[in-house]
Amino acid sequence: MNPNTLSAAQIAFLQAHKRRKIRIHLYRISILILFLFLWEFSTYKGWIDDFIFSCPSRLVLCCYHMILENQLFYHIGITLFETIVSFLLVMLFSLVFTILLWFSKSLTETLDPYLVVLNSLPKSALAPLLIVWLGANYKTIILTGISVAIFGTILNLYIGFQGVDPEKIKLIRTLGGNSRQVLLKVILPANLGNIIGLMKVNIGLCLVGVIIGEFISSKCGLGYLIIYGSQVFKLDWVILSILILCCIAVLLYSLIGVLERRQKHNM
Amino acid sequence: MEYLISCQHMFYTYHTLQGETPALCDIDFQVKPGEFLSIVGPSGCGKSTLLSLLCGLLKPESGKILLNGQNVTGNCSIGYMLQHDHLFEWRTVKKNILLGLEIQKKINKETLEEADELLKTYGLYDFKDAKPSQLSGGMRQRAALIRTLLLHPDLLLLDEPFSALDYQTRLTVSDDIGSIIRKSGKTAILVTHDLSEAVSLGDRVLVLTPLPAGIKAIIPIHFPPELSPLQRRNTNEFKDYFNLIWKELNLNEP
């Protein structure tokens, strides 16, 4: 049989699969539409107060005005910038630090209790200190973002490094390789999937850290907008910012997803 | 120098917090150039430790290992085939076999040509851009052998290289690899727990005692040189050798 001509059963199977996918998409979209409609309708009917709960039409209007005043994209840009910088620094520092730990077993054993304590410490508790030390500026906020993600990343990366099959390391040794070559030829390539998995977790954690930082000290960013909006009872701002945060989280996550698919494809 | 490698009264002990475990006890043997030595012993008797010592990954507590009359230090002229092929899934077959050359910074036009030559000889050339997972168990083991041979080792160490394969593949691959090693005139030391594998491949069989491993006996194996490992298995002497080694191994049992 020609492999290009599909049997009737196969065509039916493929079509059923496609129909199912379309149906799931429809369900997803209708939940969103239903939610927005109920929200709008219940404020219109006066069941809930649109001053406190806002409503989709008010949000659209609010969004429009803020874009006109050049405010919205400014705040989004600041938050995105802080998140991405702290994410990149987390990945860089934790990789470098984990490699150092991997090279020296004594260093790892010495620092282990400190890493465990720092990892379990609620990092938002550090934020007020950082403000006093570094001032209320973007540096503090980036550092808050880093502090939330970095310790867990180091611990997880180290576990991944340790999990590499010792026989594979022995292979490099029998081929005459030194520690640097073990790292470059086995440890890092074997951990690529692990690293990308950690990136997925960290992009979310950094966003959390940045918003915490902005809550406590800042004059701009979505976290500032949420805190300021709640203080002056501009709840449209608060809800709009939260919705935008949802979009940012999805966007950043799917960017890493693209990276992950490319890596899987190369494997 | 008559012997390629010679072990002289070698001892080795593992130290842990729980105590010390003597692993090797007075190991003393020699291998001539071009010879194929099989080492058999009860499981867990320190066979792999012996190979790690031979290639310089471990240092003996006392005694000497001389390769071409010199102390074993690095491992450049010793090729080591591990139990599993350990081809890296993130590299193509060709990139995998070049790993050793890459590490020793010996990639150049000649070595690349030689790599292609070996790929062709061993029927892997059409798979050079494939991922290791696309190869059969036998092909993977051949790729691992090419990776080792490209470094032109004086001595090949084989650490149960066929034990991860299913029985049928194992017979053909050990036949295959045994013939390749014999044709290339390489000296080899094979560690195995499979007695028939030891007899079918070796010129001599060294029998180890249980832990701490000492040398129980060294049994010379004589077959007409033209017989392949698989053909050896069909001769009458094969059974005799097998029984002889079996007896030597079981004399250790209390």
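Everything below is about the structure printed above this text.
Residues numbered from 1 in each chain as written. Chains lettered and ligands numbered in written order. Predicted model: local features only at pLDDT ≥ 70, side-chain atom pairs only at ≥ 80, totals over all residues.

**Points about the overall build of chain A**
Helices and strands together make up the secondary structure of chain A, namely 12 helices and 0 strands. Listing every helix and strand of chain A by position from the N terminus yields α-α-α-α-α-α-α-α-α-α-α-α. The C-alpha atoms of chain A give 25 Å as radius of gyration, which overshoots the globular expectation for 267 residues (18 Å, by more than 25%). The principal-axis extent of the C-alpha atoms belonging to chain A is close to 75 × 75 × 30 Å. Classification of the 267 residues of chain A by burial places 27% in the buried group. Sequence separation of at least 24 residues holds for 70% of the intrachain contacts in chain A that already meet a minimum separation of 6. (Helix = DSSP H or I, 4+ residues; strand = E, 2+ residues; numbered from the N terminus. Rg over C-alpha atoms; globule rule 2.2 N^0.38 Å. Buried ≥ 20, exposed ≤ 12 C-beta atoms within 10 Å, placed from the backbone. Contact = placed C-beta atoms within 7 Å.)

**As for the packing of helix α10 (residues 192-216) of chain A against helix α11 (residues 222-231) of chain A**
All names here are of chain A. Taken N-terminus to C-terminus, the directions of α10 and α11 make an angle of 45°; their axes are 7 Å apart at the nearest point. Viewed along their axes, α10 and α11 adopt a mutual orientation that is oblique. As α10 runs across α11, the sense of the crossing is right-handed. In this structure, α10 uses V210, I211, G213, E214 and F215 to contact α11, whose residues at the interface are L222, G223, Y224 and I227. (Axes fitted to C-alpha atoms, helices over the stretch in contact; angles between N-to-C directions. Parallel < 35°, antiparallel > 145°, perpendicular 65-115°, else oblique. Left-handed = near helix turned anticlockwise from the far one by under 90°.)

**Side note on unusual backbone geometry**
One can expect most non-glycine residues to show negative phi and most peptide bonds to be in trans. At F233(A), a residue that is not glycine, the phi angle is positive and equals roughly 55°. Looking at the element boundaries, F233(A) is found in the loop between α11 and α12 (235-266). Assessed through the 11 C-beta atoms surrounding it within 10 Å, F233(A) is described here as exposed. Unusually for a residue other than glycine, D26(B) sits at a positive phi of about 50°. Among the structural elements, D26(B) can be located in strand β2 (residues 19-31).

**Comments concerning the interface of chain A and chain B**
Each side of the interface is counted separately: chain A has 14 residues, and chain B has 16 residues. If you list the elements that add at least two residues to the side of chain A that touches chain B, you get α8 (166-174) and α9 (179-190) of chain A. Its residues placed into classes, the side of chain A that touches chain B shows 5 nonpolar, 4 polar and 5 charged. (Nonpolar A, V, L, I, M, F, W, Y, C, P; charged D, E, K, R; others polar.)

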